[in-house]
Amino acid sequence: MKEKKLYMIGNAHIDPVWLWNWQEGFAEVKATFRSALDRMKEDEEFVFSCSSAAFYEWVEKSDPDMFREIQERVHEGRWELAGGWWIQPDCNIPSGEAFVRQGLYGQRYFMEKFGKTAVTGYNVDSFGHNGNLPQILKKSGLKNYVFMRPMPLEKGLPGRIFEWRSMDGSGVMTYRIPYEYCTWGKALEGYAERLKCELQDGEDALMLFYGVGNHGGGPTKENIRSIHELDARDDMPEMKMETVECFFDAVRCADRQYPVHEGDLQHHASGCYSVHSKVKRENRRAENKLVEAEGWSAVAAFCAGQPYPDNFKEAWKGLLFNQFHDILAGTSIPSAYEDATWLYGRAMAAGQENLNYAVQAISWKIGIDQEEDAGYTAMRPIVVFHSHAWEGMCAVDLEVRGLTNDNFRLTDSQGNMIPAQRIASEATVNGQSRLLFAAMLPAFGYEVFRLYLNTEETPYFEPVAVTDHSVENGHFRLELNPATGYVQSIYDKEQEMEVLRREGGRLVVLEDKYDTWAHNIFKFDRQLGDMKQVYRKIIEKGPVRSTVRVKYQYGQSYVIQDFSLYKDLDYIQVKVKVDWREHGTQLKIKYPVNFNFRKPTYEIPYGYIEKSANGEEEPGQTWVDFTGEHFKKPVMYGMAMINDAKYSYCMDIDEMSLTVLRNSVYAHHDPKQLEEGEEYAYVDDGIQEFTYLLVPHAGSWKEAGITRIARELNVRPVTVPETFHQGPLPQKKSFLSLECSHAQIAAVKEAENKDGIIIRAYETKKQRGSAVLHVDFMNRTEALQFAPCEIKTVFIPYDETAAVREVNLLEAEE
């Protein structure tokens, strides 16, 4: 056995939040770090590895002396900086940009404080890992990866050590931790005995992670003594305290070819994709608000002299902390989510405030002339900002005081009258309505619209056809079953094809008595029944949109679905309001599709993945698509489902489902059994709202522009009710665009060094090709080349004489 080696990795997996609050996690970090430093004084061979830049910042701010000790140990090579991210997040639910920021802020912190960055990604306890992580890791300076979940019973892999690749071809050398990432008391010998068996499967060396974990603690005196004793035995492999980096260096030096795995690493704790709807919705909103605000702040700094805010980094750090795997997964105690709400609130408040400063600064620079009253009592200028780098038809709505009747007209920047309608105000008062219209908005730009109130002449536009069981525009006819209130038909009028195979929009209640994680459960299929229709009525009828509302009931719970069709938009919008009271249940929305040879596709962070339609729960970002050959015609056809708050889906043979909620007990972990008669707190009791879109399409999802529609749903137009003033900016303007049908801009921000602008884009269709980047607000144009599925980051210097260049995700040149 002495020809074999166990690299003994001293670590302490620290959950800063889980069955305790972050304040207790703060204390456990300090105690763990102090313990590790003390062990180093006692044993010269002891080495410690720890991830999560957030922990180091806690120590830096609360105990500078101990922080200086850590800096010294890092410098001498006995304290390993692992992970390179701000925290160990959930590795499915955060957006692509959030994963980028984990590395950007984590690695830059390490470089600033320690003069070096981590080289090994480190998410030992996260509940599955999306398939685009290798590219994000590699471009963040991380060439290795360590994880534990899913375990072998959940995911078969070609070995403990393998190269993990994403669709763009990026690869990281990866190690799946055997059994545990921590040890307790005298358990180390038994753990070593288990790894002796693993070493007989062909590996010359493995890593054994030891140290008290979860609530911190780290390696103990007894652990270290046991290592020395076991290493002295002839029947044990060589056991040396080392770093993770040393292990991977040895792997790369070995004269052998390691297997390759391409795709995601799933599934573990499939219930975590959906449990705790509030934290997942707040995560989505905070991510989107910060990215949107950064983009407009960058533009406003150039075009309106508005200083770029200095609080984005702190807002992001709070959001990234909330993406810790036991917070975002929905598995922590109730009071931990009160704490999380404050951090989300800080992020969203910073984003909203900065966004408002930016767009108001720009709109104030627009020249808006006052018009002479002629056939109306008032004219209201409305500036609409579009936060996407492509021209897009979008729905716009806003509250308008004085909009009390239908005697009004709306014109665009060219003076053309466009359809608009009054819809219900959010207020229950006289003298106010919401204005709704749809317009083609410029790429990352704005347009000024003019609303004329109490006009003598009012234009007539044909309303979108609607009855109490149907709604129809030029693209689709949607029919509801009068008896059930569910969708009995979605007919594509242009393609002359029925989209649904059976009734869709079904609200299916399932039994879900599992623990909060749903350990070892991969399918949720114990159906209790469908919700029953309470009433159905028309709530909107107009030239922009018509809507039928259906209310449903199950037990003490209610759901409202508002089915809408727009005259000028080629999708079906469904607004959902849920008031849920059924304990130990799950709610899904199901749509069976009328296609053969079906292929399910899910959005993942900055990419997509194709999976099986086997009924297993799958994590996804904002959209999922089912495409195949239509049963009635030999043509390719599909339907995408897009939403603004959810992350859990399943495809079962011909049926696509969105998981709305899992109403489990807070922080309930097997094998604890719930006691009869006890009152428990349930995660998804109460009211929640979200919107989903159905996008039937000819051809594939790539041809249908699904990635753009999904962004437009999640980041909607911003409106500024303006006044009359002079200004240098025109009535309509685009600031930024990307000429490319298969790549899109995802983020615009000031560079961390404050010497230029960062623009990040990603290739969406697995195609190689060229693009032209137009940065009009900086008077720059740049030709780009995209490889399939590539994430590309471009740095544009403030110095006009300096060249535009590509950088990695840390904003550094390779």
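This structure is a prediction, so every number in the text was calculated from the model and none was measured.

Participant: If you had to explain the sheet that holds strand β4 (residues 120-123) to someone new, which residues and values would you point to?
Facilitator: With mixed pairing, five strands are arranged side by side in an open sheet as β4-β5-β7-β6-β10. Of all the strands in the sheet, just β4 and β10 (260-262) have a single pairing partner and so form its edges. Each strand axis lies, on average, 30° off the axis of its neighbour in the sheet, ignoring direction. Of the strand pairs in this sheet, strand β6 (residues 161-165) and strand β7 (residues 171-176) are connected by five bridges, and their pairing is antiparallel.

Participant: Which residues make up the sheet that holds strand β31 (residues 607-610), and what values go with them?
Facilitator: Spatial ordering of the open sheet is given by β25-β26-β27-β28-β37-β34-β33-β30-β31, a layout of nine strands whose pairing is antiparallel. Each of the sheet's edge strands pairs with one partner strand only, and the pair in question is β25 (532-540) and β31. Each neighbouring strand pair of the sheet contributes to a mean axis angle of 20°, computed without reference to strand direction. Inspection of the sheet shows strand β30 (residues 595-604) paired to β31 by four bridges, in the antiparallel sense. The residue bridging Ile604 from the neighbouring strand is Gly607, located in β31.

Participant: Can you lay out the environment of Ala698 for me, pointing to particular residues and giving the numbers?
Facilitator: Looking at the element boundaries, Ala698 is found in strand β37 (residues 686-698). Spatially, the C-alpha atoms of Ala698 and Tyr460 are 32 Å apart, while their sequence positions differ by 238 residues. In this structure Ala698 touches Gln495, Met636 and Tyr637, once residues within four positions along its chain are discounted.

Participant: How would you summarise helix α1 (residues 22-42) if you had to cite specific residues and measurements?
Facilitator: Between its first and last C-alpha, α1 extends 30 Å over 21 residues, near the 30 Å set by a 1.5 Å rise per residue. For α1, the complete set of buried residues consists of Gly25, Phe26, Glu28, Val29, Thr32, Phe33, Ser35, Ala36, Leu37, Arg39 and Met40. Buried residues along α1 sit against β2 (48-50), α2 (53-62), α3 (64-76), β3 (79-81) and α7 (221-231).

Participant: Quick one: what's the story with the packing of α2 against α3, residue by residue and with numbers?
Facilitator: The interhelical angle for the contact between α2 and α3, taken along N-to-C directions, is 130°, at an axis separation of 5 Å. By the angle between their directions, the pair α2 and α3 is classed as oblique. When α2 is examined against α3, the residues Tyr56, Val59, Glu60 and Ser62 are found in contact with a partner set consisting of Pro64, Met66, Phe67 and Ile70. Tallied by class, residues from the contact of α2 with α3 come to six nonpolar, one polar and one charged.

Participant: Outline the packing of aromatic side chains, listing residues and values.
Facilitator: Taken as a whole and assessed by the stated rule, the structure comprises 47 aromatic pairs. Here the aromatic rings of Trp296 and Phe444 are separated by 4.5 Å at their centres, their planes lie at 35°, and the arrangement is tilted. Here Phe444 lies in the loop between β16 (432-441) and β17 (445-453) and Trp296 lies in helix α9 (residues 277-303), a separation of 148 residues in the sequence. One exposure class covers both Trp296 and Phe444, and it is buried. With a centroid separation of 6.2 Å and 65° between ring planes, the pair formed by Tyr602 and Tyr649 is classed as edge-to-face. Of the two residues, Tyr602 is situated in strand β30 and Tyr649 in strand β35 (residues 648-652); the sequence distance between them amounts to 47 residues. Side by side, Tyr602 and Tyr649 carry an identical accessibility label, which is buried. Of the aromatic side chains, those joined through ring pairs into one cluster are Phe33, Phe46, Phe48, Tyr56, Phe67, Trp79, Trp86, Tyr109, Phe110 and Phe114.

Participant: Can you break down the environment of Glu189 residue by residue, with the values?
Facilitator: When you line up the elements, Glu189 lands in helix α6 (residues 188-199). Glu189 gets classed as partly exposed once you look at its relative accessible area, which sits at 36%. Taking C-alpha positions, Glu189 is 70 Å from Asn473, a pair spaced 284 residues apart along the chain. Setting aside chain neighbours within four positions, we find Glu189 in contact with Leu230 and Arg233. Here the side chain of Glu189 touches Arg233 through a polar contact of 3.0 Å, side chain to side chain.

Participant: How would you sum up unusual backbone geometry? Please name residues and give values.
Facilitator: Here the bond from Gln266 into His267 is cis, since omega is 0°, no more than 30 degrees from zero. With respect to the helices and strands, the residue His267 is situated in the loop between β10 and α9. Despite not being glycine, Ile653 shows a phi value in the positive range, around 60°. Structurally, Ile653 is set in the loop between β35 and β36 (655-662). Not every positive phi belongs to a glycine, and Lys766 is a case in point at roughly 60°.

Participant: Report on the pairing of strand β13 (residues 408-411), specifying residues and quantitative values.
Facilitator: Of the two faces of β13, the one holding Phe408 and Leu410 and the one holding Arg409 and Thr411 are both buried throughout. The pairing of β13 with β17 spans four bridges and is antiparallel. Each residue of the ladder has a partner; that of Leu410, found in β17, is Leu451. Sheet topology places β13 next to strand β14 (residues 417-418); two bridges connect them, and they run antiparallel. Bridged to Leu410 within β14 is Ile418.

Participant: I'd like to hear about the pairing of strand β9 (residues 238-241), residue by residue, with values.
Facilitator: Alternating positions in β9 separate cleanly, Met239 and Met241 being buried on one face and Glu238 and Lys240 remaining unburied on the opposite face. Where strand β1 (residues 5-10) meets β9, four bridges bridge the pair, whose relative direction is parallel. From the neighbouring strand, Leu6 faces β9, where its bridge partner is Met239.

Participant: So what's going on with the side chain of Ser489? Which residues, and what values?
Facilitator: Tracing the backbone through its elements, the reader meets Ser489 in strand β21 (residues 487-492). For Ser489, a relative accessible area of 10% puts it in the buried group. Within the structure, Ser489 has its side chain in polar contact with the side chain of Glu498 (distance 2.5 Å). When residues no more than four places from it in sequence are discounted, the contact partners of Ser489 are Arg477, Leu478, Glu479, Glu498 and Leu500.

Participant: Could you give an account of the packing of α1 against α3, with specific residues and numbers?
Facilitator: One can describe the packing of α1 onto α3 by two numbers: an axis separation of 11 Å at closest approach and a directional angle of 50°. The angle between the axes of α1 and α3 places the two elements in the oblique class. The element α1 and its partner α3 pack so that their crossing is left-handed. Residues Lys30, Phe33, Arg34, Leu37, Met40 and Lys41 of α1 lie in contact with α3, whose contacting residues are Met66, Glu69, Ile70 and Arg73. Residue classes in the contact of α1 with α3 are distributed as five nonpolar, no polar and five charged.

About the criteria used
Residues numbered from 1 in each chain as written. Predicted model: local features only at pLDDT ≥ 70, side-chain atom pairs only at ≥ 80, totals over all residues. Heavy atoms only, no water. Pairing = 2+ DSSP bridges. Helix = DSSP H or I, 4+ residues; strand = E, 2+ residues; numbered from the N terminus. Axes fitted to C-alpha atoms, helices over the stretch in contact; angles between N-to-C directions. Contact = heavy atoms within 4.5 Å. Expected span 1.5 Å × (residues − 1). Buried < 20%, exposed > 50% of the residue type's maximum accessible area, 1.4 Å probe, protein only. Parallel < 35°, antiparallel > 145°, perpendicular 65-115°, else oblique. Nonpolar A, V, L, I, M, F, W, Y, C, P; charged D, E, K, R; others polar. Phe/Tyr/Trp six-rings, centres within 6.5 Å; stacked < 30°, edge-to-face > 60°. Polar contact = N/O pair within 3.5 Å; in protein donor to acceptor, adjacent residues only side chain to side chain. Left-handed = near helix turned anticlockwise from the far one by under 90°.

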